[in-house]
Amino acid sequence: MQPYIVILGAQESGVGAAILAMKKGYDVFVSDKGIIKDKYKKVLIENQIQFEEGGHTEEKILKATEVIKSPGIPPKAEMVKAIKAKNISIISEIEFASRYTSSPIIAITGTNGKTTTTSLTHHILTEAGLDAALVGNIGISFAKQIAERDAAYYVLEISSFQLDDCYDFHPYIAMILNISENHLDRYDYKMDGYAESKFRLISNLAHNDYFIYGYDSYYVQTGLSKKKTSAHLLPFSLTQPFEEGAWLNSNKLFIKHNQNTFTMNLNQLNIRGAHNAQNAMAAGLAASALNLNNDSIRESMSSFRSLEHRLEETAIKRGVLYINDSKATNVNSVWYALESMDQPVVWIAGGIDKGNDYTKITDLVREKVKAIVCLGKDNRKIHEAFSKVVDLIVNTESMEDAVRSAAHFSNSGDVVLLSPACASFDLFENYEERGHRFKQVVRALPE
């Protein structure tokens, strides 16, 4: 009799898991409480995978040998509670996929910088000629990639939600870039719970594996003091030099590992800001751990371009630079964005607040921001946080109004920065739609 696996959630990770499970001989059933998108429904039908949408049939689900849960489904969901009450194992798609590859995995997590670091690491590996697949929260799902073709290396962006349902997952190189307040509603508003989730990444590291981590992050330091690992430790810092690790000194990036020293001038990087220097250090350490050639690493770092919606320079209109940083959905991301600005800033911010503590950026806002354009349905917290710091704060409820207001308040030599610090769901489907709309409206402005 075939083992029976149930997959909750039919988006990228769930459908990828379904395809892999089917290919590995499981009896597969996919259940989604909502309506499944047409592109995913088409894949399920083409692969003759049973599915339901618009609700869960408990009788079918509770017969499962194992359940693969979408990371978006919270552990407090009624269906999840019912599965746990039956002592049925619940795992993530990442955990499931990792059972079917022996290729080295470079797994990258952190509150900020995951996608840029994952993309840069993948870029360095592929430019060096390695067969590396870009998977996880970026690219296609880990499971789908393995189902289609097992790559020689995997560069994986992984979230705390995915890590919550990992138990035996074992990367060769694990990265925790930083940890700051985010998704606290999922962790009973406790930073310790969120940090512990991130540190599940190193649970299974062995002495010949690598742990690359942000030395400057308080919660990373605290987490490492609680959760010991026998893996090789490779820290990176903006200020602190190491016997083995990466750091900055006089606008030069240094990476030392295994008696090899790599150096590169910061102005050779095509991504701006101190946070991107940290991302580059982390990616460079991974490349060094894989014994890639220094010249190859340097060339790859020089040719890498910033990603869409992440400090993406969109256009210059009438001497004003417009930057799309729509991916900045928390205060820490905005800190990094503002820190990288050298010109006066008109800041477009707002959306659905995720429990933001704006005091962390008060000094930077006072120093860098000349006007704030609020974009959202409820902007009270932004007004309360900055009304004594910035003289000019206005409310808008559409991207057109926000960009027009920002253009009105800016002068040649200024920057208009969309870096919202908030989720987008009050006015947009996601941060991508918000960023695309920003770019459309900006590009339509007069020259």
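Procedures and definitions
- Residues numbered from 1 in each chain as written.
- Predicted model: local features only at pLDDT ≥ 70, side-chain atom pairs only at ≥ 80, totals over all residues.
- Heavy atoms only, no water.
- Helix = DSSP H or I, 4+ residues; strand = E, 2+ residues; numbered from the N terminus.
- Rg over C-alpha atoms; globule rule 2.2 N^0.38 Å.
- Contact = heavy atoms within 4.5 Å.
- Areas by Shrake-Rupley, 256 points an atom, 1.4 Å probe, with all protein chains shown as cover.
- Core = buried A, V, L, I, M, F, W, Y, C linked by side-chain atoms within 4.5 Å.
- Buried < 20%, exposed > 50% of the residue type's maximum accessible area, 1.4 Å probe, protein only.
- Pairing = 2+ DSSP bridges.
- Right-handed = clockwise from strand over helix to strand, strands pointing away.
- 1 Å grid on protein atoms, 1.4 Å probe; cavity = no way out; pocket = protein on both sides within 12 Å on 5 of 7 lines; lining within 4 Å.
- Points joined across faces, edges and corners; volume = space filled by probe spheres on them.
- Nonpolar A, V, L, I, M, F, W, Y, C, P; charged D, E, K, R; others polar.
- Axes fitted to C-alpha atoms, helices over the stretch in contact; angles between N-to-C directions.
- Polar contact = N/O pair within 3.5 Å; in protein donor to acceptor, adjacent residues only side chain to side chain.
- Arc of directions from axis to C-beta.

Asks: What should I look at first to understand the overall build of the protein in this one?
Replies: A count of helical and extended segments in the protein gives 17 helices and 20 strands. Against the compact-globule benchmark of 22 Å for 447 residues, the protein has a radius of gyration of 23 Å, which places it among compact chains. Taking the principal axes of the C-alpha coordinates as reference, the protein spans close to 70 × 55 × 40 Å. Expressed as a percentage of contacts within the protein between residues at least 6 apart in sequence, the contacts between residues at least 24 apart total 66%. Only carbon and sulfur atoms are counted for the fraction: they give 46% of the accessible area of the protein, which is about 19300 Å².

Asks: Teacher, can you tell me more about the nonpolar core here?
Replies: Soluble globular proteins tend to pack their nonpolar side chains together in the buried interior. One finds Val28, Phe142, Leu156, Ile158, Phe169 and Phe211 to be the most contacted residues of the largest nonpolar core, which totals 51 residues. The dominant element in this core, judged by the number of residues it contributes, is helix α1 (residues 12–23), at six residues. Residues within four places of phenylalanine 211 in sequence aside, it is in contact with Ala174, Ile176, Phe199, Ile202, Leu205, Leu224, Thr229, Ala231, His232, Leu233 and Leu234. Ranked by size, the runner-up nonpolar core spans 37 residues in total, among them Ala246, Leu248, Ile297 and Phe304.

Asks: Explain the pairing of strand β15 (residues 312–317) here, please?
Replies: Put simply, side chains in a regular strand alternate between the two faces of the sheet. Examined bridge by bridge, β15 and strand β16 (residues 320–324) share five bridges and lie antiparallel to one another. If you follow glutamate 313 over to β16, its bridge partner there is isoleucine 323. Between the end of β15 and the start of β16, which pair antiparallel, lie two residues, with arginine 318 showing a positive phi angle near 55°.

Asks: Whenever I open this one, the pairing of strand β1 (residues 4–8) confuses me. Can you help?
Replies: Judged by how many residues are buried, β1 sits mostly within the fold: five of five residues are covered. On β1, burial covers both faces: Tyr4, Val6 and Leu8 on one face and Ile5 and Ile7 on the other are all buried. In this fold, the crossover linking β1 to strand β2 (residues 27–32) by way of α1 has right-handed handedness. Bridge analysis of β1 against strand β4 (residues 66–69) gives four bridges, and the strand direction is parallel. When the bridges of β4 are listed, isoleucine 5 appears paired with glutamate 66.

Asks: Any chance you could explain the environment of lysine 86 here in plain terms?
Replies: With respect to the secondary-structure elements, lysine 86 resides in the loop between α4 (78–85) and β5 (89–91). Considered as a pair, lysine 86 and lysine 63 are 23 residues apart in the sequence and their alpha carbons are 9.3 Å apart.

Asks: Which parts of the structure should I look at to understand the layout of surface pockets?
Replies: Where empty space is left becomes clear once a probe the size of a water molecule has been rolled over the atoms. The computed volume of the second largest pocket comes to approximately 390 Å³. Every residue lining the second largest pocket is counted, 18 residues in all, and those nearest its centre are Ser180, Asp216, Ser217, Asn332 and Tyr336. Looking at which element gives the most residues to the lining of the second largest pocket, the answer is helix α13 (residues 331–339), with four residues. Partitioning the lining of the second largest pocket into residue classes produces nine nonpolar, six polar and three charged.

Asks: Any chance you could explain the sheet that holds strand β7 (residues 132–136) here in plain terms?
Replies: Whenever strands of a sheet pair, they do so through backbone hydrogen bonds, lying parallel or antiparallel. Within the open sheet, the nine strands sit side by side as β7-β8-β6-β9-β10-β11-β12-β13-β14. Their pairing is mixed. On the outer flanks of this sheet lie β7 and β14 (260–265), each paired with one strand and no other. Going across the sheet, the axis of each strand differs from the next one's by a mean of 15°, ignoring polarity. In this sheet, β14 lies alongside strand β13 (residues 252–257) in antiparallel orientation, the contact comprising six bridges. Within β14, the position partnered with phenylalanine 254 by the bridge is threonine 263.

Asks: Sorry if this is basic, but what is going on with the side chain of serine 340 here?
Replies: Looking at where serine 340 falls in the secondary structure, it is placed in the loop between α13 and β17 (345–349). Here alanine 337 takes part through its backbone oxygen, which lies 2.8 Å from a polar atom of the side chain of serine 340. Leaving out residues up to four positions away in the same chain, serine 340 has contacts with Arg272, Gly273 and Leu311.

Asks: I keep staring at helix α10 (residues 218–226) and nothing clicks. Help me out?
Replies: Along an α-helix, a turn takes 3.6 residues, which lines up residues three or four apart on a common side. The set of residues buried in α10 consists of Val220, Gly223 and Leu224. Along the axis of α10, the buried residues cluster in a sector spanning 100°; they form a single face. Turned more than 90 degrees away from the buried face of α10 sit Tyr218 and Lys226, all of them exposed. On its buried face, α10 sits against β9 (173–176), α9 (191–199) and β10 (210–214).

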